[in-house]
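Fold and contact review
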Amino acid sequence: MTKLRPAPTRRAVLVGAGTTGVALLAGCLGSGNAKSVEPMALTGTKQCETCGMILEQHPGPKAQFFYRDEGPEHDGPAWFCSAWEGFQYDMRASDRDWTRREGFITDYSAVDYEVFSDGGDRFISSHLQEEAFSPVSELVYVVGSDVVGAMGDDLLPFGERADADAFADEYGGDVIDYDAVTPRLIGQIGR
């Protein structure tokens, strides 16, 4: 003999539907919807957001900043031919209430860089592949060295303080933490 189950009550149906709806909404709002941001290669004809220079045609550190709901006119992050231009743009974006998801800059501890002379200036090589970038907040910066980037004086970023100290010993400058990268400092470098 087959035992029949009673039909579900209206209350049971509503509770079940409500529970399912809450679970689905939680999935949409939870971390599953928030993609992690990873650096991208800055190769090809990508132009600096600030000055329009083609990134791969110029030496020095490169920067890329991702924003939550605002950002550049193109897909992907805002990208820059120098670290100081990236920070300047990011500080202005903050003033416009843009929310930064993440920022990445060339990490000279992660690459085999070269310092070379051209036209009386000393430059540092550029590295455009995604693995050359680290989060801006995890880097220390050499400021005021004899080595310049695409736009002249720049912040030269390193993931390892010992690497930054060795660079500063050889080429001059001071090693600063991320927290010391202020609008005043960027204004002094960007003159």
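Going by the structure above, here's the rest.
Let us look at the structure shown here.

Cut-offs applied
- Residues numbered from 1 in each chain as written.
- Predicted model: local features only at pLDDT ≥ 70, side-chain atom pairs only at ≥ 80, totals over all residues.
- Heavy atoms only, no water.
- Helix = DSSP H or I, 4+ residues; strand = E, 2+ residues; numbered from the N terminus.
- Buried < 20%, exposed > 50% of the residue type's maximum accessible area, 1.4 Å probe, protein only.
- Contact = heavy atoms within 4.5 Å.
- Areas by Shrake-Rupley, 256 points an atom, 1.4 Å probe, with all protein chains shown as cover.
- Phe/Tyr/Trp six-rings, centres within 6.5 Å; stacked < 30°, edge-to-face > 60°.
- Pairing = 2+ DSSP bridges.

**Notes on the overall build of the protein**
Across its full length, the protein carries four helices and 10 strands. Overall, the protein shows an N-to-C arrangement of helices and strands of α-β-β-α-β-β-β-β-β-β-β-α-β-α. In the protein, which comprises 191 residues, the share counted as buried stands at 40%. Within the protein, contacts between residues at least 6 apart in sequence are counted, and of these 66% link residues at least 24 apart. Here the protein has roughly 11300 Å² of accessible surface; of this, 48% comes from carbon and sulfur atoms.

**Things to note about the packing of aromatic side chains**
All chains considered together, the criterion is met by 16 aromatic pairs. The interplanar angle of 45° and the centroid separation of 4.8 Å between the aromatic rings of Phe167 and Tyr171 together place this pair among those described as tilted. Remark: Tyr171 and Phe167 occur in helix 3 (residues 161–171); sequence separation between them is four residues, near one turn of the helix. Taking relative accessible area as the criterion, Phe167 reaches 2% and is therefore assigned buried.

**Some words on the sheet that holds strand 4 (residues 115–118)**
Pairing between the strands of a sheet comes from backbone hydrogen bonds, and it takes one of two forms, parallel or antiparallel. One open sheet accounts for three strands, arranged 4-5-8; its pairing is mixed. The two strands at the open ends of the sheet, each matched to only one other strand, are strand 4 and strand 8 (147–148). In this sheet, strand 8 lies alongside strand 5 (residues 121–124) in parallel orientation, the contact comprising two bridges. Bridge assignment links Phe123 to a residue of strand 8, and that residue is Val148.

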